[in-house]
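# Working through the structure, step by step
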Amino acid sequence: MNNNGANVGIVIVSHSPLIARGTADMVRQMVGDSVPLAWCGGNAEGGLGTNAREILTAITSAWSEAGVAVFVDLGGAETNSEMAIEMLEPARARRVLICNAPIVEGAVMAAAEASGGAALARVVATAEELSP
C-alpha cells in the first residue's frame, strides 16, 4: 500500500488516438474516478504517431504523489515516453515507470490495483504479469 493516500496515476500512450481514448474509457468504466488517468495518441496532423510533449502533458495531468504508470503500444511510444520522463524534474521522474505490458489489459489491471491503494511497484508488477 502507498502511504500518502493518493492512488497511482495511469497514462495511456498509443500511436492511435482512438486506441488511447478507448483504453482510457475502459479504465474509467472499470475504476471510475478513483485513479488519476490521462491518455494521448496520434501526431499533430491527426495521423498515427506519438509526441514526447503530449506525453509529458499527460503525465502531468495524471500526476500523483504515489507515482504514474505509463502504458505504451509500440516502440516509438516507449521512446517518446522515455523522453517525456527525462523532461520531468528528477524527483518526479523517479516516480514514473513505463510498464512492459499489453496496453489494454495492462492498463485495466494496473488501474484496478491502483484503485485499491497499491504502491507503484505493485501496480507495475501486476500489469507486467500479463507480458508473454
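As the structure is a computational prediction, the values presented were derived from the model and not from experiment. (Residues numbered from 1 in each chain as written. Predicted model: local features only at pLDDT ≥ 70, side-chain atom pairs only at ≥ 80, totals over all residues. Heavy atoms only, no water.)

### Remarks on the overall build of the protein
- Each helix and strand counted, the protein has 6 helices and 4 strands in total.
- Its C-alpha atoms give the protein a radius of gyration of 13 Å, within 12% of the compact-globule value 14 Å for 132 residues.
- Judged by the C-alpha coordinates and their principal axes, the protein covers about 40 × 30 × 30 Å.
- When burial is assessed residue by residue, the protein has 48% of its 132 residues classed as buried.
- If you take every contact in the protein between residues at least 6 apart in sequence, the share linking residues at least 24 apart comes to 77%.
- In the form shown here, the protein has an accessible surface area of approximately 6,400 Å², with 54% of it arising from carbon and sulfur atoms.
- Charge-centre separation for the protein: the mean point of 7 positive side chains lies 8 Å from the mean point of 14 negative side chains. (Helix = DSSP H or I, 4+ residues; strand = E, 2+ residues; numbered from the N terminus. Rg over C-alpha atoms; globule rule 2.2 N^0.38 Å. Buried < 20%, exposed > 50% of the residue type's maximum accessible area, 1.4 Å probe, protein only. Contact = heavy atoms within 4.5 Å. Areas by Shrake-Rupley, 256 points an atom, 1.4 Å probe, with all protein chains shown as cover. Lys, Arg positive; Asp, Glu negative; His and termini not counted. Charge placed at Lys NZ, Arg CZ, Asp CG, Glu CD.)

### Section: the pattern of salt bridges
- All chains considered together, the criterion is met by 4 salt bridges.
- Among the salt bridges present, the one from Arg-28 reaches Asp-33, with a minimum N-O distance of 3.5 Å.
- The exposure class assigned to Arg-28 is partly exposed, which follows from its relative accessible area of 27%.
- Where Arg-122 meets Glu-113, a salt bridge forms, and the shortest distance between an N and an O atom there is 3.9 Å.
- Note on Glu-113: relative accessible area 27%, which makes it partly exposed. (Salt bridge = Lys/Arg side-chain N within 4 Å of Asp/Glu carboxyl O.)

### What to know about the UniProt feature "domain: PTS EIIA type-4" (unreviewed entry) in the protein
- Within this numbering scheme, the UniProt entry marks residues 7–132 as carrying the feature "domain: PTS EIIA type-4" (unreviewed entry).
- Spanning residues 7–132, this segment combines 51% helix with 16% strand, and its end C-alpha atoms are found 27 Å apart. (UniProt positions renumbered as here; feature names shortened; annotations may be inferred.)

### Some details on the packing of helix α2 (residues 52–61) against helix α3 (residues 75–87)
- Running from N to C, α2 and α3 point in directions that differ by 60°, and their axes come no closer than 8 Å. Considering the angle they form, α2 stands oblique to α3. In this structure, α2 crosses over α3, and the sense of that crossing is right-handed. Residues Ala-52, Arg-53, Ile-55, Leu-56 and Ile-59 of α2 pack against Ala-77, Asn-80, Ser-81, Met-83, Ala-84, Ile-85 and Met-87 of α3. (Axes fitted to C-alpha atoms, helices over the stretch in contact; angles between N-to-C directions. Parallel < 35°, antiparallel > 145°, perpendicular 65-115°, else oblique. Left-handed = near helix turned anticlockwise from the far one by under 90°.)

### Looking at the sheet that holds strand β4 (residues 96–99)
- Taken in spatial order, the 4 strands make up an open sheet running β2-β1-β3-β4, and their pairing is parallel. Only two strands of the sheet have a single partner each, and these edge strands are β2 (37–41) and β4. The mean angle between the axes of side-by-side strands here comes to 20°, regardless of whether they run parallel or antiparallel.
- Inspection of the sheet shows strand β1 (residues 9–14) paired to β2 by 5 bridges, in the parallel sense. In the sheet register, Ile-10 faces β2, and the bridge partner there is Leu-37.
- Strand contacts of α3: β1, β3 (68–72) and β4, with the helix running at about 175° to β4, the strand carrying the most contacts. (Pairing = 2+ DSSP bridges.)

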